[in-house]
Amino acid sequence: MEEIIKDLASAQEYKEGFVTEVDQEYVPKGLNEEIIRLISAKKGEPDWLLEFRLGAFRRWQQMTPPFWGHLRLPRIDFQDIIYWAAPKRAEDRPDEIDPALMETFDKLGIPLREREVLAGVKPKGEVAVDAVFDSVSVTTTFRKTLAEKGIIFCSFSEAVREHPDLVRKYLASVVPAGDNYYAALNSAVFSDGSFCYIPKGVKCPMDLSSYFRINASGTGQFERTLIIADEGSSVSYMEGCTAPMRDENQLHAAVVEIIVEKDADVKYSTVQNWYPGDAQGRGGILNLVTKRGICKGSGAHLSWTQVETGSAVTWKYPSTILKGDYSSSEFYSVAMTNNYQQADTGTKMIHLGRGTRSRVVSKGISAGHSENSYRGLVQMGPAADGARNYSQCDSLLIGSRCGAHTFPVIRSRNPRAIVEHEATTSRISEDQLFYCTQRGIASEDAVALIVGGYAREVLSRLPMEFAVEAQKLLSVSLEGAVG
Amino acid sequence: MDSRVYVIGRDSVPQYFRLEAGEALSLTLAVPPGVSCRYCLEVDLEGPGASLDLAGLYLCPGAEQVDLRILVRHSVGGCTSRQLFKGIVGGTASASFDGLIYVAPDAQKTEAFQENHALLLSDTARAESRPQLEIYADDVQCSHGATTGYLNPEELFYLRSRGIPEAEARHLQMQAFLAPVARRLGDALADEIHASLP
């Protein structure tokens, strides 16, 4: 066993680690009210949004970073970050994408050109993509098809321009500006992101997808996503992220807000593959993200699925507030850490309404010198009669120098609610490995096979395109974990 | 095996145990009704083959505030720890259970298990569980489980349909729930606990 499972010394391959040379436009380094005014002006924002940003900034200045995570965070110098970087657009051809950019997204395998997708498959396989490069959204595909159904899917900046009422109504309604340190920072400096509105009774005909990429050096990415599913509608939304390899830590502090009205159904999937740093733990993205959804009306349903393989540090707790009676939510997560990566991730399920249900399935995999924690909260409010939660958190350890931790909190104030939580920690047993190897499967493949089986419950929840990618990512991240 | 039973609020209860190689300790704690407490217990398993069998029950039917904090530290490999806690919370009481199992680097072949189950009896009662695992070794078997719920109405119906009065039926349910811990208390103490059920 000892020979088979070695510490991860060999560098794993991060194939998204390239840098694209495009002309970039920056704002000066640092953070103060002037910078915020500058960002807001560059985006041509209305006054109320500037006020919102400044309000958040003033609150942020009063706040201190959270310290409770099981993480060793490098000190972040917030004055040493460029808060806004955008690929320069030639004024004379505003509709065309820079070929270098196009190449980047091609390398990432994102079908930005609609015709490519159209040529291949029937409408069922289509995915509408909103691609965000550093601070701006470069393109959104399939706008017309979606618009026919009344669906709004565009970049956040565009939504501010064209649908200010919707943005104003819902912005910060789930994650208030002063919610936490990083959410406040995001509210002050957020650059771009996706906006999505599904009108009453509309079933979104295709998966919606956002791709986020950090390209420029010394920058941070602060995107803001707002998804609104009106009564009886449904949508499946996917998010993917990558970044180049650099020796410095780059900050990614995003906010995602999801509003699910009566009988609506939202499925939110993430494959997070930010640059994790090298084998010695240098560099990598600090992924400090606030994601929260609210099931506002009765019968609303929100499902989170996440595959976390990247980032030097992950601090992320997608949460659901189950306010509507008989609303339900699920959280499926695979978090894989290797080398010196650290992840502190989990979920919060706040049951307020009657008969609300939630289910949490979290699978942690740690290898090398990494630290992987599940942290969660399940809360049953006084009105949550008949509410039910089931949580299962499993950890898998590969190698003897890593750590796997579970920190759940269960709070009940209702004598008619049931909460169940269980967690286990184990490793790949020698018996399992022996069984595979004696059938001629190489030990590395055997580990990948066993890990794949272990994570399958979550991976099978992902939309097709993502499931394939996630499976690949898991095996790439495991490369070198066995010798 | 060293077997000890303590009633919190009545006995003087040790807050720290250290188990050397091969030592085995069976420890049972009871928090009877009317006792509010914050009790911290720390157990170090410091020699290979040491084993801890810990059980506890807490009854809070009135306005009690009970806060149990348990830390079991596996510093060396080859040790076993088991924990089982059962609580009944009613009235305006609040109970919280915070249990951490820590497995040090290289404490291989550790087996550590922890369970906490709470029953809520009233609208104004509160229960909180924080079962935690902090593990730095890979060849281990560790698990924890926590549940919060109420007396099963179907069981109650079953008993009542056989002519058992409701209050008595509820007592039977609670006794059955507590049984795995109560049977370790000895007859006299178990009877006292059963008689004090709300």
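Keep in mind the model is a prediction, meaning the values are calculated, not measured.

## Section: the overall build of chain B
Line of reasoning, step 1. Counting its regular elements, chain B contains three helices and eleven strands.
Line of reasoning, step 2. Scanning chain B from its N terminus toward the C terminus, one meets helices and strands in the order β-β-β-β-β-β-β-β-β-β-β-α-α-α.
Line of reasoning, step 3. Taken against the 2.2 N^0.38 rule, which gives 16 Å for 198 residues, the C-alpha radius of gyration of chain B at 18 Å falls within 12% of a compact globule.
Line of reasoning, step 4. Every one of the 198 residues in chain B was classed for burial, and the buried ones make up 40%.
Line of reasoning, step 5. Long-range pairs, those at least 24 residues apart, make up 78% of the contacts in chain B between residues at least 6 apart in sequence.

## A closer look at the overall build of chain A
Line of reasoning, step 1. Secondary structure summary: chain A contains eleven helices and 24 strands in total.
Line of reasoning, step 2. Across chain A, every contact between residues at least 6 apart in sequence was considered, and the portion connecting residues at least 24 apart equals 84%.

## Describing the nonpolar core
Line of reasoning, step 1. Formed by 183 residues in total, the largest nonpolar core has its most connected members in A:Cys196, A:Val260, A:Val266 and B:Val89.
Line of reasoning, step 2. What A:Cys196 contacts, discounting residues up to four positions off in sequence, is A:Ile152, A:Phe153, A:Leu208, A:Ile227, A:Ile228, A:Val235 and A:Tyr237.

## Let's talk about the interface of chain A and chain B
Line of reasoning, step 1. Each side of the interface is counted separately: chain A has 28 residues, and chain B has 31 residues.
Line of reasoning, step 2. Sorting the residues of the side of chain A that touches chain B by element identifies β22 (388-398), β23 (403-412) and β24 (418-427) of chain A as the ones contributing at least two each.
Line of reasoning, step 3. Of the residues belonging to the side of chain A that touches chain B, the class tally is twelve nonpolar, ten polar and six charged.
Line of reasoning, step 4. In terms of strand pairing, β23(A) meets strand β10 (residues 126-135) of chain B through six bridges, oriented antiparallel. Counted as the bridge partner of A:Ser412 is B:Ala127 from β10(B).

## Quick notes on the confidence of the model for chain B
It should be kept in mind that the predicted coordinates are not to be read in detail where pLDDT is low.
Line of reasoning, step 1. Here chain B shows a mean pLDDT of 94. Residues at 70 or above account for 100%.
Line of reasoning, step 2. Here the complex is predicted with pTM 0.87, and the ipTM for its interfaces comes to 0.91.

## Points about the packing of helix α1 (residues 153-160) of chain B against helix α2 (residues 166-182) of chain B
Residue and element names in this part refer to chain B.
Line of reasoning, step 1. Viewed as axis vectors pointing N to C, α1 and α2 meet at an angle of 125 degrees, and their least axial separation amounts to 9 Å. What the angle tells us is that α1 and α2 run oblique. Here the hand of the crossing between α1 and α2 comes out right-handed. In this structure, α1 contributes Glu155, Leu156, Leu159 and Arg160 to the contact, and α2 contributes Glu166, Ala169, Arg170, Leu172 and Gln173.
Line of reasoning, step 2. Its residues placed into classes, the contact of α1 with α2 shows four nonpolar, one polar and four charged.

## Points about the pairing of strand β9 (residues 111-120) of chain B
On a regular strand, one side chain projects to one face of the sheet and the next to the other, so that they alternate.
Residue and element names in this part refer to chain B.
Line of reasoning, step 1. For β9, the buried fraction is high: seven of the ten residues fall into the buried class.
Line of reasoning, step 2. Across ten bridges, the pairing between strand β7 (residues 80-89) and β9 is parallel. Paired with Thr80 across the strands is Glu111, a residue of β9.
Line of reasoning, step 3. Bridge count for β9 against strand β11 (residues 141-149) is nine bridges, and the pairing is parallel. Each residue of the ladder has a partner; that of Glu115, found in β11, is Gly145.

## Considerations on the packing of helix α1 (residues 33-42) of chain A against helix α2 (residues 47-62) of chain A
Residue and element names in this part refer to chain A.
Line of reasoning, step 1. α2 packs onto α1 with a crossing angle of 155 degrees between their chain directions and a minimal axis gap of 10 Å. The pairing of α1 with α2 is recorded here as roughly antiparallel in orientation. Viewed along their axes, α1 and α2 form a crossing whose handedness is right-handed. Only Leu49, Leu50, Arg53, Leu54 and Phe57 of α2 make contact with α1, whose side of the interface consists of Glu33, Ile36, Arg37 and Ser40.

## Examining the pairing of strand β12 (residues 265-272) of chain A
All names here are of chain A.
Line of reasoning, step 1. The buried fraction of β12 amounts to seven of the eight residues, a majority that puts the element mostly inside the structure.
Line of reasoning, step 2. Where β12 lies against strand β14 (residues 301-308), eight bridges are found, and the strand directions are parallel. Counted as the bridge partner of Val266 is Leu302 from β14.

## Overview of unusual backbone geometry
Line of reasoning, step 1. The phi dihedral of A:Asn339 falls on the positive side, at around 50 degrees, and the residue is not glycine.
Line of reasoning, step 2. Assignment of secondary structure puts A:Asn339 in the loop between β17 (328-337) and β18 (342-345).
Line of reasoning, step 3. Given 26 C-beta atoms within 10 Å, A:Asn339 falls into the buried group.
Line of reasoning, step 4. The residue B:Asp106 is not glycine, and still its phi comes out positive at about 70 degrees.
Line of reasoning, step 5. Along the chain, B:Asp106 turns up in the loop between β8 (94-103) and β9.

## Points about the environment of B:Ala55
Residue and element names in this part refer to chain B.
Line of reasoning, step 1. The topology assignment puts Ala55 in strand β5 (residues 51-60).
Line of reasoning, step 2. Separated by 41 residues in the primary sequence, Ala55 and Pro14 have C-alpha atoms spaced 15 Å apart.
Line of reasoning, step 3. Leave out the neighbours within four places in its chain, and Ala55 touches Thr28, Leu84, Val181 and Arg184.

About the cut-offs
Here the residue numbering is sequential within each chain, running from 1 through the sequence in written order. Whichever chain is written first is A, and whichever ligand is written first is 1; the rest continue in order. In keeping with the predicted nature of the model, local features appear solely for residues at pLDDT of at least 70, side-chain atom pairs appear and are counted solely at 80 or more, and the whole-chain, interface and lining totals rest on all residues. In this text, helices come from DSSP runs of H or I with a minimum length of four residues, and strands from runs of E with a minimum of two, each type numbered from the N-terminal end. We compute the radius of gyration over the C-alpha atoms and compare it with the globule rule, which gives 2.2 Å times the number of residues raised to the power 0.38. We call a residue exposed when 12 or fewer other C-beta atoms sit within 10 Å of its C-beta, buried when the count reaches 20 or more, and partly exposed for counts in between; the C-beta positions come from the backbone. Two residues form a contact once the distance between their C-beta atoms, set from the backbone, is within 7 Å. Under the definition applied here, buried Ala, Val, Leu, Ile, Met, Phe, Trp, Tyr and Cys residues are grouped into a nonpolar core through C-beta atoms within 7 Å. Here the nonpolar group is Ala, Val, Leu, Ile, Met, Phe, Trp, Tyr, Cys and Pro; Asp, Glu, Lys and Arg are the charged ones; every other residue, Gly included, is treated as polar. Pairing between strands is defined by DSSP: at least two bridges between them are needed. Residue-level confidence of the predictor, termed pLDDT, takes values from 0 up to 100. In this analysis an axis means a line fitted to C-alpha atoms, helices contributing only their contacting stretch, and an angle means the value between N-to-C directions, from 0 to 180 degrees. For classification purposes, angles smaller than 35 degrees are called roughly parallel, those larger than 145 roughly antiparallel, those between 65 and 115 roughly perpendicular, and all remaining angles oblique. By convention the crossing between two helices is left-handed if the near helix lies anticlockwise of the far one by an angle smaller than a right angle, and right-handed if it lies clockwise.

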